[in-house]
Amino acid sequence: MLYYFKSIYSACVVIRVILMPLSFGEMYTSLLNVKQAINVERQLIDHLETYIEHESERLEDIKRFYAKVSDLHSEVYSGPSAAMANPLVAFTLIKRLQSEWLNLIYSDEAQENTQDFRSGYEEVEKEGSLPKLEDLQGAAKGLMRLQDVYALQVGGLVRGHFQRITDGNPIDIYSPTVSVPLSGDDCFLVGKVAYELEDYYHSVQWLEESVRLFRGAGGEWSPENEGTLEDALDHLAFSHFKTGNISYALSLSQELLNHDPMNGRVLKNVQKYERLLVDSPPLLSTDTGLKRPNTTYLRTRNTYERLCRTQGTQPTHYENPRLFCDYFNNDNPGLLLQPIRREVLSLQPYVVLYHSFITDSEAESIRELAQTGLRRSVVASGEEQATAEYRISKSAWLKETAHPIIGRLDQRIALLTSLNVQPPYAEYLQVVNYGIGGHYEPHFDHATSASSPLFRLNTGNRVATFMIYVSMIVAHTKSRHDLKCFFPMFFSETFPLSLVFQNAALFWWNLHRNGQGDGDTLHAGCPVLVGDKWVANKWIHEYGQEFQRRCSPNPEE
Ligand SMILES: O=C(O)CCC(=O)C(=O)O
Ligand SMILES: [Fe+2]
């Protein structure tokens, strides 16, 4: 969702990405890649199935031997020494002890089964399609971003719910069709990511849940787990120590010692905490001083998050009678038969929403065409471009030659805006796919520094943005009260937000007529709470538009 608000923020401008070989890296930054990982896991499930079959057969064989020998002992050898009189019985006893037990005990079968299982995994690994540690960390950070921006309760998330406390009650802000609760180990990993970032605000919350769940599991061991109750207690105790909650750090460490009494490091910590508590007993206040870590790059965080939580505050048509909706053809013969539903959302800056700008099948084609070209999105960083935490997505550039659809889109944009959208007067179409909790924090699309790599096109700054919602399956299915217009059938109270924007396009001028950037065009893509969000940007440059957008020295225009 794109929101507008006024504030000053340093420019971060997306520029053309140099195409690199196809890579699957940074999976967490694009939901498309996450979806592809489903097939990867399916392969592993097949390997596990074969492994289980082989191991079951092996155990069956072992059980058969066990039954044979134990039966012999209860039926044949249990009597007096009569059985030994039978030379066949004597022979088979000696043979078993000399050979059969040996073969059983030193059998390679278990190892062979494990080896086959591992080879299957290694094959998948070689394809390069497995997530890396960085992906796990990125996904965990995405979850914490959603937690923060949408004020979600960690306890709710752990139970598979997306809840926010409103007026003292947990309210579902999104009800998933399938709810997936998290395990103690899931929470441990999220908490550990925060812990390693020295972000004890989050580590405390997630590790609390982890400890609770591990305790509940009664120390039961699961082969897939990375952490244990002891690990979680250890990290949680230290997180509490770092946030000044010494007495809690002490009691957690003592609990840990119950499980691991010889742990010298924890023994030392306990002594240290006890000393600290004697030296400066805790105040009665329960305020642990837990604060969210300050991100240096976002001075407009509160406004941004408020807007994301309230689903935007675009001006309503009731407040400003100069805003309107109409069927628009730009007096252009190309649009006469198919005028487009236009909605003027704001006059200053001038922002227009074009409904149904593309069809479902065009949206699908755009997504498909972009797939192989998707690379981690970058932003301008000085004279260069770099990835950034404040923009988590992948993007691909589509030339007009990629498919006739792209050329037709360019044409349609030109018909609507009367602007020259041919390169180099506009950039290629940039298709963006967001990842887990993917977002684009408040930014300007235009360059705000003369050294920006954006000027390498030599066609001036980005005068306008034409942004298409190529798909947006969002969490909220509540109605938008602030987006009613003259099209009641399209904006009925019950109409899901996602459908209002899906296939629509936004247009706005980034620059004033005097060429200066318009500070009011600060905008953002809120973290994607759920679903697969795609947008496509067409950035139109200053040069080539001289006859369509007259200049003016007036800084207000
Ligand atoms: O995803 C959005 O809603 C905004 C994207 C955006 O502003 C950009 O790509 O420049
Ligand atoms: Fe933007």
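Residues numbered from 1 in each chain as written. Chains lettered and ligands numbered in written order. Predicted model: local features only at pLDDT ≥ 70, side-chain atom pairs only at ≥ 80, totals over all residues. Heavy atoms only, no water.

The chain goes by Prolyl 4-hydroxylase subunit alpha-3 in an unreviewed UniProt entry, where it is assigned to Oncorhynchus mykiss. Here the chain is described in UniProt, under the heading Subcellular location (unreviewed entry), as follows: "Endoplasmic reticulum lumen". Under the Subunit (unreviewed entry) heading, UniProt states for the chain: "Heterotetramer of two alpha-3 chains and two beta chains (the beta chain is the multi-functional PDI)." (UniProt positions renumbered as here; feature names shortened; annotations may be inferred.)

Asks: I would appreciate a short explanation of the environment of Ala426 in the present structure.
Replies: Locating Ala426 in the fold gives a position in the loop between α14 (404-417) and β11 (429-434). By relative accessible area, Ala426 is classed as buried at 0%. If sequence neighbours within four positions are ignored, Ala426 has contacts with Asn420, Val421, Lys538, Trp539, Ile540 and His541. (Helix = DSSP H or I, 4+ residues; strand = E, 2+ residues; numbered from the N terminus. Buried < 20%, exposed > 50% of the residue type's maximum accessible area, 1.4 Å probe, protein only. Contact = heavy atoms within 4.5 Å.)

Asks: Can you help me understand the state of the cysteines in this one?
Replies: Disulfides are covalent bonds that connect the sulfur atoms of two cysteines. If you walk through the whole model with that rule in mind, you get one disulfide. Residue Cys308 pairs covalently with Cys526 via a disulfide, S to S 2.1 Å. Residues Cys308 and Cys526 share a disulfide whose torsion about the S-S bond is about -90°; that sign makes it left-handed. Of this pair, Cys308 sits in helix α11 (residues 301-309) while Cys526 sits in the loop between β15 (523-525) and β16 (533-541), placing them 218 residues apart in sequence. On the basis of relative accessible area, Cys308 is assigned to the buried category, the value being 2%. Owing to a relative accessible area of 5%, Cys526 belongs among the buried residues under this scheme. (Disulfide = S-S within 2.5 Å.)

Asks: Where do I start with the coordination of the iron ion (ligand 2) in this structure?
Replies: The textbook angles at a metal center are 109.5 degrees for a tetrahedron of four donors and 90 or 180 degrees for an octahedron of six. Within the protein, His443 (NE2), Asp445 (OD) and His523 (NE2) serve as the donor atoms for the iron ion (ligand 2), at 2.1 Å. All donors of the iron ion (ligand 2) belong to a single chain; written as a sequence motif, their spacing is H-x1-D-x77-H. With Asp445 in the loop between β12 (440-443) and β13 (462-472) and His523 in strand β15, this pair connects stretches of sequence that are 78 residues apart. An identical accessibility class is assigned to Asp445 and His523; each is buried. (Donors = N, O, S within 2.8 Å, 3.2 Å for Na, K, Ca; no water.)

Asks: So what exactly am I meant to see when it comes to helix α2 (residues 87-105) here?
Replies: Taking 1.5 Å per residue, 19 residues should reach 27 Å; α2 reaches 26 Å between its end C-alpha atoms and fits that length. The sharpest bend along α2 comes to roughly 50°, located at Arg96. The set of residues buried in α2 consists of Val89, Arg96 and Glu100. Packed against the buried residues of α2 are α1 (31-75). Backbone nitrogen of Leu88 and a side-chain oxygen of the N-cap are separated by 2.8 Å at the start of α2; the cap is Asn86. (Expected span 1.5 Å × (residues − 1). Bend = angle between axes of the 7 residues up to and from the residue. Polar contact = N/O pair within 3.5 Å; in protein donor to acceptor, adjacent residues only side chain to side chain.)

Asks: What's the story with the pattern of salt bridges in this structure? I'm lost.
Replies: Within the structure shown, the criterion is met by 22 salt bridges. The partner of Glu60 in a salt bridge is Lys63, and the shortest N-O contact between them spans 3.5 Å. Here Lys63 and Glu60 lie together in helix α1, a separation of three residues that amounts to about one turn. Overall, the relative accessible area of 41% leaves Glu60 in the partly exposed class. Residue Asp148 pairs with Arg292 through a salt bridge whose shortest N-O separation is 3.5 Å. With a gap of 144 residues between them, Asp148 in helix α4 (residues 133-149) and Arg292 in the loop between α10 (264-279) and α11 connect regions that are remote in the sequence. Taking relative accessible area as the criterion, Asp148 reaches 12% and is therefore assigned buried. Residues participating in the shared-partner salt-bridge network are Asp148, Arg292, Glu305 and Arg309. (Salt bridge = Lys/Arg side-chain N within 4 Å of Asp/Glu carboxyl O.)

Asks: Would you explain the site of ligand 1 in this entry?
Replies: In the vicinity of ligand 1, 14 residues are found, and the nearest of them are Tyr434, His443, His523, Lys533 and Asn537. In the environment of ligand 1, an oxygen atom lies 3.0 Å from a nitrogen or oxygen atom belonging to the side chain of His523. Within the residue set of the shell around ligand 1, elements represented by two or more residues are β12, β15 and β16. Sort the elements by how many residues they give to the shell around ligand 1 and β16 lands first, with four residues. Classifying every residue of the shell around ligand 1 gives seven nonpolar, four polar and three charged. (Near = heavy atom within 4 Å. Nonpolar A, V, L, I, M, F, W, Y, C, P; charged D, E, K, R; others polar.)

Asks: Just to check I follow, could you spell out a negative patch on the surface for this structure?
Replies: On the surface, a cluster of negative charge is made up of Asp46, Glu49, Glu53, Glu57, Asp108, Glu109, Glu112 and Asp116. If you list the elements that add at least two residues to the negative patch, you get α1 and α3 (109-126). With four residues, α1 is the single largest residue contributor to the negative patch. Here Glu53 shows up in helix α1. (Patch = residues over 30% accessible without salt bridge, like charges linked within 9 Å, V, L, I, M, F, W, Y side chains within 5 Å. Areas by Shrake-Rupley, 256 points an atom, 1.4 Å probe, with all protein chains shown as cover. Lys, Arg positive; Asp, Glu negative; His and termini not counted. Charge placed at Lys NZ, Arg CZ, Asp CG, Glu CD.)

Asks: Explain the confidence of the model for the chain here, please?
Replies: The predicted structure's coordinates, where accompanied by low pLDDT, should not be read in detail. Across the chain, the average pLDDT comes to 86, with 86% of residues at 70 or higher. When mean pLDDT is taken per element in the chain, helix α6 (residues 184-196) scores highest with 98 and strand β1 (residues 2-4) scores lowest with 52. Within the model, pLDDT remains below 50 along residues 5-23, and this stretch shows 71 contacts once partners closer than five positions in the same chain are excluded. Considering only residues more than four positions removed or in separate chains, one finds that residues 475-498, a stretch of pLDDT under 50, has 59 contacts. (pLDDT = per-residue confidence, 0-100.)

Asks: What am I meant to see in the side chain of His443 here?
Replies: Here His443 is to be found in strand β12. Given a relative accessible area of 3%, His443 falls into the buried group. Polar side-chain contacts of His443 include one of 2.9 Å to the backbone oxygen of Glu441. Separated by 3.1 Å, the side chains of His443 and Asp445 make a polar contact.

Asks: Any chance you could explain the packing of aromatic side chains here in plain terms?
Replies: In this description, an aromatic ring pair is defined by two values, namely the gap between the centres and the angle between the planes. What the rule picks out here adds up to 14 aromatic pairs. Plain terms: the ring middles of Phe65 and Trp101 are 5.0 Å apart, the flat faces sit at 80° to each other, and that makes the pair edge-to-face. Taken as a pair, Phe65 in helix α1 and Trp101 in helix α2 lie far apart in primary sequence, 36 residues in all. On the accessibility criterion, Trp101 (33% relative accessible area) is partly exposed. Both rings, one in Phe507 and one in Trp509, keep their centres 5.1 Å apart while their planes meet at 85°; by these two values the pair is edge-to-face. With relative accessibility at 16%, the residue Trp509 sits in the buried group. One aromatic cluster is present, built from ring pairs that chain together Phe328, Tyr354, Phe357, Phe466, Phe507 and Trp509. Across from the ring centre of Trp509, 3.9 Å away, lies the NZ or CZ of Arg549, which sits over that ring. (Phe/Tyr/Trp six-rings, centres within 6.5 Å; stacked < 30°, edge-to-face > 60°. Lys NZ or Arg CZ within 6 Å of the ring centre and 35° of its normal.)

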